[in-house]
Amino acid sequence: MGIRFVLLVNKQGQTRLAQYYEYLTLHERRALEGEIVRKCLARNEHHCSFIEHRNYKVVYRRYASLFFLVGVDNDENELAILEFIHLLVETMDRHFGNVCELDIMFHLEKAHFMLEEMVMNGCIVETSKSNILAPIQLMDKAS
Amino acid sequence: MIRAIRACKTAAEERGVVRKECAAIRAAISENDPDYRHRNLAKLMFIHMLGYPTHFGQMECLKLIASAGFPEKRIGYLGLMLLLDERQEVLMLVTNSLKQDLNHSNQYIVGLAICALGNICSAEMARDLAPEVERLFQTRDPNIKKKAALCSIRIIRKVPDLSENFMSPAASLLKEKHHGVLIAGVQLCTELCKASAEALDYLRKNCTEVLVRILKDVSNSPYAPEYDIAGITDPFLHIRVLRLMRTLGQGDADSSDFMNDILAQVATKTESNKNAGNAILYECVETIMGIEATSGLRVLAINILGRFLSNRDNNIRYVALNILMKAIAVDAQAVQRHRATILECVKDSDASIRKRALELVFLLVNDTNVKPITKDLIEYLEVSDQEFKGDLTVKICLIVEKFSHEKLWYIDQMLKVLIEAGNFVKDEIWHALVVVISNAPDLHGYTVRSLYKALQNSCEQESLVRVAVWCIGEYGELLINNVGVLDVEEPITVTESDAVDVVEISLKRHSSDITTRAMSLIALLKLSSRFPPCSERIREIIIQQKGSLVLELQQRSLEFNAIIQKHQNIKSSLVERMPVLEESAYHNKKAASAPGNLSEGKTRQATAAASLKLPNGVAKTPAAPLVDLLDLNSDDIPQPSSSGGDFLHDLLGIGLAPSPSSAGGGAMSSSGVDALLDLLSIGETPVQNDLLASNIVSTSQDKLPSISPLERLSSVSSPVSLQSTGAAPVVDLLGSLSTNSSAPADGSSVYPSIVAYQSDSLKIMFSFSKQPGNPQTTVIQATYTNMSSNVYTDFLFQAAVPKFVQLKLDPGSSNILPSSGNGSITQRMVITNTQHGQRALAMRLRISYKVDNQDKMEQGQVNNFPAGL
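Residues numbered from 1 in each chain as written. Chains lettered and ligands numbered in written order. Predicted model: local features only at pLDDT ≥ 70, side-chain atom pairs only at ≥ 80, totals over all residues. Heavy atoms only, no water.

The condition that has to hold: UniProt positions are given in the numbering used here, feature names are shortened, and annotations may be inferred rather than shown by experiment.
With an unreviewed UniProt entry as reference, chain B is termed AP-1 complex subunit gamma, source organism Acorus calamus. Among the UniProt annotations of chain B, the heading Sequence similarities (unreviewed entry) holds the following wording: "Belongs to the adaptor complexes large subunit family." Recorded in UniProt for chain B, the comment headed Function (unreviewed entry) runs: "Subunit of clathrin-associated adaptor protein complex 1 that plays a role in protein sorting at the trans-Golgi network and early endosomes (TGN/EE). The AP complexes mediate both the recruitment of clathrin to membranes and the recognition of sorting signals within the cytosolic tails of transmembrane cargo molecules."

Per an unreviewed UniProt entry, chain A goes by the name AP complex subunit sigma and belongs to Acorus gramineus. Listed under Sequence similarities (unreviewed entry) in UniProt, the entry text for chain A is "Belongs to the adaptor complexes small subunit family." Within the UniProt record for chain A, the comment given under Subcellular location (unreviewed entry) is "Endomembrane system".

Now the structure itself:
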């Protein structure tokens, strides 16, 4: 399936955005987030951006105080996912203008829309920034 | 609200705020206020993200979806995807709205609906809505097309038989120009290939050329600002196409041939100084390894990997290690060339890289390079950090065990590991070491001296202490007399009291656990016979433990004390060296315990009433059987001295514990052993004899592993001949040892064998034997014979009995049943009829096996048990 989940977590370990592409119960989600975040926070920038957790890999990247975590299958191309994270950040940047944690918190639904345009059912759908943002801008105009 | 939550400093405060908000939202829902509905839902999403239950908002989602405006719908669908999952019944209600929206005139609404469908649809929805999705392939809007493609991925995954319908639309998607549609189409094709072989063939024929062209176009295309990432046009598309190529080219020379050129081009031309480029190279190398590529291309790929491996960026190195694991199957020689670099990676500071590298090294080890690699790894073990030591130790032990050609080398390496990381060594590994040591008589002296030296330097490693104590106990005199000195070792002088000191320290060390202490006690007992001058001192050390709170230690201490004090004459024969532990027998047991556990699980299901115990804890401590012997002989003491009745009670307590009802694991074998001896030593008191006999029967099954050593020991202790079949010999022993007791020799009455089950191809015979003094329990030896001309594999016999009967099923002698009656499987089971004499036995059978890999099953019922069982 490729991508299993996308998580945005800040340095304090609070979840800022979570999207799962497979079903987990609430309890499992919390446990999973806790475990992964603890693992990530323990690493420094000299370490590589991949950790193996249970039966899948987590690719993570840190932007200022925000961690972007993407859980993928074991045979997924890690470097490509790393690039995907960057694309996601650039897309958010273009929309919010230098995106920060607060932007995502207060416009959670927009962040979700963007992610939805990019990833569907764990597969990457769209990689062009303007294509991703078109429907969102349209909605902004309408409201 | 978000601001309020953010302001919360503690989790309790946050919970309070969330609760208040949830109440407000609930109120709003009941008021049915359409204006605030979508805002409420947005809040709910936030609450959901924080990990609070939000099920009450699910109906709101549905209402929003059903509403007309786009923003409402938008939020509704988002909520649907986040708050709901495919298992919930509410989802059924959405199907209709989805269907309507899929047919909506506004393309954005269609897009929303299809996106939601792709994320959450269940199998039923997939069936219902597949025609709609298929139709959407025909639309001209690329946004809808790509989403339809991805949606069908989900549909295929849920309902694989629908994949036929999507084959030709998928292929036509690849002819599009729009990148989004292409990437979705490529992914759909990949999924189709996984779902059905038919689709794989179809796509192989029709799409290979197209794919090559797409890849050529993207990799040669001029600068395209929309899709450009670090100077490369749409790396994501590259990667997906390469991945599909891998699926198509796997095991197919023709299509692989097609791809060779373009792969070579991608592999050589892609820039490798940016992450995006490396991602493509990585995928490309993987594809080259996956398909039937030419040798030149493979060399190219391995070279790229070499470059990756020497890269300074950790991410790239990680990826390189990862792919080398796959490459090793294709071209082991080429991977060997990078061995030095990989070994360096094991020592990296990054845990992920270390783990990968270690796994890779493990695969790389062969007969020729095992010595340098082990040396290197053990050296690294000294400096590695704590969390990693566990993994590393396990791997080193596996390597050493797998490639040990000389015992000296094996022992040497294992000692080094024990010294460095004894705490991480698993029990079975040092058990194996002890077996090897006992099998190498010429190395006994060397080993015990090395261990003694090691123990002087570090006694923090539990496993090291155990092995050392065991060896000193067994081969103490070799330590003192410098027997069998090898050329390489330095001579040392150890006095008898030095040796005793070492064991004493390990006995009294606070960090020692019970097993180590118990082993120390045995070692001391043995030393007392080897070094007569120290005997008195050893007795004092032993007697100090009589106040131990741990029953095991207390008991040992008292009994050993009695032996030293009162039985000087038999002591020396009692504590003779352990007979050589048979290597092959040990390995067989190890192997048997693994499948045994499996069949245990299966049998459990079938015979819920019956509890089954298997020799899990194979040879818990090698010394344990010895204890048996000691106790057997201490029989001529009227009672195990001191605290008398109460103590005896305690022992009985243990004896009762392993009754068939307690589902025992590894612990059983040890406590079973002890219980047995206790019972034997109490064998004097004739009153309890009958009662005890039943315990013996139940414990002796747990004791199978230790019976064989017992058997060997019997030559020392008594002339009784033991068979390793199970309980009977133990009872014999008891009978012959408890001289002045009324031997429980009521003799087992003979029952005729029966044919328990017969079909045209399979025959099952039961033969019965009774335990003397225990009429309730019957041992059944089942013999399976195969009369057909086909071999049965995976043969599994299962039995169920009425509630008043307890059944224990031991593992069968094999799971392969040869054809035409040319052999048979035997299986032993023990049946306890709790209503003996009142109700007759009955049994239901189920036999499953495979003939030519086809599962077969037979069932039957046994009602013809001989009367009186």
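So that's the structure; there's more coming.
Structural notes on the sheet that holds strand E5 (residues 66-72) of chain A
Selection rule: In this scheme, strands are said to pair when DSSP sees at least two bridges between them. Counting from the N terminus, the helices are DSSP H or I runs at least four residues long and the strands are E runs at least two residues long. Each axis is a line fitted through C-alpha atoms, taken for helices only over the stretch in contact, and angles between the N-to-C directions span 0 to 180 degrees. Pairs of residues are marked as contacts when any of their non-hydrogen atoms sit within 4.5 Å.
The strand order E2-E1-E5-E4-E3 (chain A) describes an open sheet built from 5 strands, whose pairing is antiparallel. The sheet is open, and its two edges are formed by strand E2 (15-20) and strand E3 (50-53) of chain A, each paired on a single side. The mean angle between the axes of side-by-side strands here comes to 20°, regardless of whether they run parallel or antiparallel. Bridge count between strand E1 (residues 3-10) of chain A and E2(A): 5 bridges; the pairing is antiparallel. Across the sheet, the residue bridging to Phe5(A) is Tyr20(A), located in E2(A). Set on the sheet, helix H4 (residues 108-118) of chain A makes contact with E1 and E2 of chain A; between it and E2(A) the angle comes to about 35°. Strands in contact with helix H17 (residues 314-330) of chain B are E3 and strand E4 (56-63) of chain A; relative to E3(A), the strand with the most contacts, it is inclined by about 45°.

Considering the packing of aromatic side chains
Inclusion rule: Pairs were defined over the aromatic rings of Phe, Tyr and Trp, the Trp ring being its six-membered one, requiring ring centres within 6.5 Å. Orientation was assigned from the angle between planes: stacked under 30 degrees, edge-to-face over 60, tilted for the rest. Residue exposure (1.4 Å probe, protein chains only): buried if accessible area is under 20% of the type maximum, exposed if over 50%, otherwise partly exposed.
In total, this model carries 10 aromatic pairs over all chains according to the counting rule given. Taken together, a centroid distance of 4.9 Å and an interplanar angle of 40° make the contact between Phe50(A) and Tyr318(B) tilted. Taken as a pair, Phe50(A) in strand E3 and Tyr318(B) in helix H17 lie in two separate chains rather than in one. On the accessibility criterion, Phe50(A) (0% relative accessible area) is buried.

Examining the side chain of Ser520(B)
All names here are of chain B. The topology assignment puts Ser520 in helix H28 (residues 514-530). Looking at Ser520, the relative accessible area reads 0%, which means it is buried. Apart from the residues within four sequence positions on either side, Ser520 is in contact with Val469, Val503, Ser506 and Leu507.

A look at empty space enclosed by the protein
Heads up, the condition is: The distinction between a cavity and a pocket rests on a 1 Å grid over the protein atoms alone: a 1.4 Å probe fits inside a cavity but cannot get out, while a pocket stays open yet meets protein on both sides within 12 Å along at least five of seven lines, and a residue with an atom within 4 Å of a point counts as lining. Grid points are joined across faces, edges and corners, and a volume is the space filled by probe spheres set on the points.
All told, the structure shown has 6 cavities of 30 Å³ or more when counted by the stated rule. Here the second largest cavity is characterised by a volume of approximately 160 Å³. What lines the second largest cavity is a set of 16 residues, among which Glu117(A), Pro135(A), Tyr108(B), Gly111(B) and Lys147(B) lie closest to the centre. Broken down by secondary-structure element, the contributors of at least two residues to the lining of the second largest cavity are H4 and helix H5 (129-142) of chain A together with helix H5 (70-83), helix H7 (107-120) and helix H9 (142-158) of chain B. Of all the elements, H7(B) adds the most residues to the lining of the second largest cavity, at 5 residues.

Some remarks on the nonpolar core
To keep it simple, the criterion reads: Only buried Ala, Val, Leu, Ile, Met, Phe, Trp, Tyr and Cys residues count toward a nonpolar core, and they belong to the same one when joined by side-chain atoms within 4.5 Å.
The biggest cluster of nonpolar side chains holds 263 residues, and the ones touching the most others in it are Ile3(A), Met245(B), Ile342(B), Leu377(B) and Ile472(B). Looking at this core, the element that brings in the most residues is helix H26 (residues 462-481) of chain B, giving 12 residues. Residue contacts for Ile472(B): discarding those within four places in its chain leaves Val448(B), Tyr452(B), Leu455(B), Leu479(B), Ala499(B), Val502(B), Val503(B) and Leu527(B). Counting 33 residues, the second largest nonpolar core, distinct from the first, contains Tyr784(B), Phe797(B), Tyr849(B) and Leu869(B).

Examining the packing of H7(B) against helix H8 (residues 123-136) of chain B
Residues and elements named next belong to chain B. Filter applied, for reference: Roughly parallel covers angles under 35 degrees, roughly antiparallel covers those over 145, roughly perpendicular covers 65 to 115, and oblique covers all other angles. Crossing handedness is defined as follows: a turn of the near helix away from the far one that is anticlockwise and smaller than a right angle gives a left-handed crossing, while the clockwise case is right-handed.
Interhelical geometry of H7 versus H8 gives an angle of 140° and a closest axis separation of 12 Å. If you check the angle between H7 and H8, you find them oblique. Seen along the crossing, H7 lies across H8 with a hand that is left-handed. Across the interface between the two elements, Val110, Ile114 and Leu117 from H7 touch Met125, Leu129, Val133 and Leu136 from H8.

Section: the interface of chain A and chain B
The criterion, for reference: Buried area, as used here, totals the accessible surface that two parts lose on assembly, with accessibility defined by a 1.4 Å probe and the loss added over both. Just to be clear on terms, a salt bridge is a Lys or Arg side-chain nitrogen sitting within 4 Å of an Asp or Glu carboxyl oxygen. Here a polar contact means two N or O atoms within 3.5 Å. Within protein one must be a hydrogen donor candidate and the other an acceptor candidate, and residues neighboring in sequence count only if both atoms are side-chain atoms. In the scheme used here, Gly and all other residues not listed as nonpolar or charged are polar, with Ala, Val, Leu, Ile, Met, Phe, Trp, Tyr, Cys and Pro taken as nonpolar and Asp, Glu, Lys and Arg as charged.
Residue-level contacts link 54 residues of chain A with 63 residues of chain B. The junction of chain A with chain B conceals about 5600 Å² of combined surface from both sides, 56% of it contributed by carbon and sulfur atoms. The tally of links from chain A across to chain B stands at 4 salt bridges. In this structure, Arg243(B) and Glu76(A) form a salt bridge, with 3.7 Å as the shortest nitrogen-oxygen distance. On the surface where chain A and chain B come into contact, there are 8 residue pairs in polar contact (both at pLDDT 80 or more). Tallying contributions element by element places helix H2 (residues 78-96) of chain A first for the side of chain A that touches chain B, with 7 residues. Class assignment of the residues belonging to the side of chain A that touches chain B gives a composition of 26 nonpolar, 12 polar and 16 charged.

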